[in-house]
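# Architecture at a glance
What follows is each chain in one-letter form.
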Amino acid sequence: MEASTMARSLLAAPPPLCGPRAQPEPLCSPPLRVHARFSRPISISNPKSSTSALRLEKNNRFLIRCSLDSAETKPDVPIEKRFPPFPAVMDINQIRNILPHRFPFLLVDRVIEYTPGHTAVGIKNVTINDNFFPGHFPERPIMPGVLMVEAMAQVGGLVMLQPEVGGSRENFFFAGIDKVRFRKPVIAGDTLVMRMTLIKLQKRFGIAKMEGKAYVGGDLVCEGEFLMATGSGSE
């Protein structure tokens with residue numbers, strides 16, 4: 001008898017905390033105001049638990065951020081207007097005034113960056129009309145690796161044949177290469193972007209060492225170290 005009475009007392013609902021309609025104390029006062037749209041009405045003045053409150057706060061921040069992003073979205077820009085042209089620090093006419101190379105062996109179309117006596121960045125627009133593609137290869141046109149190296153050396157020549165370095169157009173030679181690696185093939189339609197950096201210069205002997213890297217679309221396709229020899233026209 002005593003056991004059944006005790007069981008009924010345990011199963012009975014606990015008395016209210018303070019009055020018949022007592023409510024849990026809110027987490028914050030005043031209630032948090034959220035300027036966001038929800039698919040269902042949500043009340044955050046009386047969350048069930050601290051975990052639910054934290055989850056709701058994260059969701060609110062996400063929805064507010066998404067609404068701001070959508071408000072700043074601009075109309076789609078046509079693809080032909082999305083990409084600005086390469087800058088022209090040196091155009092083809094200026095390049096021809098510096099380098100002695102001519103068709104079909106002038107392999108630099110434009111210089112897009114130049115630091116006197118230190119570095120130059122040039123581009124070569126690779127097209128199917130280049131004279132080496134009919135033979136390399138007829139069924140799969142790939143720019144020969146030796147011509148990639150030659151194009152990079154010509155960009156190096158734009159650094160060497162300047163007054164800051166003292167090179168001579170009449171006596172400028174490609175003296176050697178080392179640690180050359182070809183990472184990816186270059187095909188018709190690619191734009192080869194080549195950076196050449198002078199890392200060592202011995203003016204007394206007319207010897208310069210340069211580091212070269214070539215890219216297509218931001219991917220490294222070729223790299224190596226170059227040795228240049230310069231002199232005067234009387235030597």
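Quick notes on the rules
Residues numbered from 1 in each chain as written. Predicted model: local features only at pLDDT ≥ 70, side-chain atom pairs only at ≥ 80, totals over all residues. Heavy atoms only, no water. Helix = DSSP H or I, 4+ residues; strand = E, 2+ residues; numbered from the N terminus. Buried < 20%, exposed > 50% of the residue type's maximum accessible area, 1.4 Å probe, protein only. Contact = heavy atoms within 4.5 Å. Areas by Shrake-Rupley, 256 points an atom, 1.4 Å probe, with all protein chains shown as cover. Core = buried A, V, L, I, M, F, W, Y, C linked by side-chain atoms within 4.5 Å. Salt bridge = Lys/Arg side-chain N within 4 Å of Asp/Glu carboxyl O. Phe/Tyr/Trp six-rings, centres within 6.5 Å; stacked < 30°, edge-to-face > 60°. Lys, Arg positive; Asp, Glu negative; His and termini not counted. Polar contact = N/O pair within 3.5 Å; in protein donor to acceptor, adjacent residues only side chain to side chain. 1 Å grid on protein atoms, 1.4 Å probe; cavity = no way out; pocket = protein on both sides within 12 Å on 5 of 7 lines; lining within 4 Å. Points joined across faces, edges and corners; volume = space filled by probe spheres on them. Nonpolar A, V, L, I, M, F, W, Y, C, P; charged D, E, K, R; others polar. Pairing = 2+ DSSP bridges.

Here we take up the overall build of the protein. Scanning the protein from N- to C-terminus turns up four helices and six strands. When burial is assessed residue by residue, the protein has 30% of its 235 residues classed as buried. Looking at the protein alone, contacts between residues at least 24 apart form 62% of all its contacts between residues at least 6 apart. By element, 56% of the accessible surface of the protein is carried by carbon and sulfur atoms, the whole surface being about 16,500 Å².

A word on the nonpolar core. The biggest cluster of nonpolar side chains holds 41 residues, and the ones touching the most others in it are Leu192 and Met228. Going through the elements one at a time, helix H3 (92–98), strand E1 (110–115), helix H4 (145–160), strand E3 (172–182), strand E4 (191–202), strand E5 (207–216) and strand E6 (219–230) are the ones with two or more residues in this core. At 10 residues, H4 tops the list of elements feeding residues into this core. If we ignore the near neighbours within four places in the chain, the residues touching Met228 are Ala153, Gly156, Met160, Phe172, Phe173, Phe174, Ala175, Met196, Gly206, Ile207, Ala208 and Met210.

Glancing now at the pattern of salt bridges. Under the defined criterion, the tally for this structure stands at six salt bridges. Notably, a salt bridge pairs Lys124 with Asp130, separated by 3.1 Å at the nearest N-O pair. Here the salt bridges share partners, and the residues they tie into one network are Lys179, Lys209 and Glu225.

Let us now look at the packing of aromatic side chains. By convention here, two paired aromatic rings are described through the distance between centres and the angle between planes. In this structure the tally under the stated criterion is two aromatic pairs. A ring pair is formed by Phe174 and Phe226, whose centres lie 5.7 Å apart and whose planes are at 20°; its orientation type is stacked. Of this pair, Phe174 sits in strand E3 while Phe226 sits in strand E6, placing them 52 residues apart in sequence. Among the residues examined, Phe174 registers a relative accessible area of 34% and is labelled partly exposed. On the accessibility criterion, Phe226 (1% relative accessible area) is buried.

So, on to the side chain of Glu150. Within the secondary structure, Glu150 sits in helix H4. Among buried Asp, Glu, Lys and Arg side chains, Glu150 stands out as unpaired, with Arg102 the closest opposite charge at 11 Å. Among the polar contacts listed, one links the side chain of Glu150 to the side chain of Gln154, at a separation of 2.9 Å. What Glu150 contacts, discounting residues up to four positions off in sequence, is His101, Phe105, Leu107 and Phe174.

Let's shift gears to the layout of surface pockets. The calculated volume of the largest pocket comes to roughly 240 Å³. What lines the largest pocket is a set of 16 residues, and nearest its centre among them are Phe103, Pro104, Leu106, Lys124 and Asp130. Contributing elements (two or more residues each) for the lining of the largest pocket: H3 and strand E2 (119–125). A breakdown of the residues in the lining of the largest pocket according to their chemical character gives eight nonpolar, three polar and five charged.

Secondary-structure assignment places Asn171 in the loop between H4 and E3. Each C-alpha atom, one on Asn171 and one on Thr230, is 5.8 Å from the other, the two residues being 59 residues apart in sequence.

In this section: the pairing of E4. Here E2 runs beside E4; their pairing, made up of seven bridges, is antiparallel. Bridge assignment links Val121 to a residue of E4, and that residue is Arg195. Strand direction decides the pairing type here: E4 and E5, joined by nine bridges, are antiparallel. Each residue of the ladder has a partner; that of Val193, found in E5, is Tyr215. Hairpin connection between E4 and E5: a loop of four residues separates the two successive antiparallel strands, and Gly206 in this loop has a positive phi of roughly 65°.

Keep in mind that these numbers describe shape and distance, not what the molecule does.
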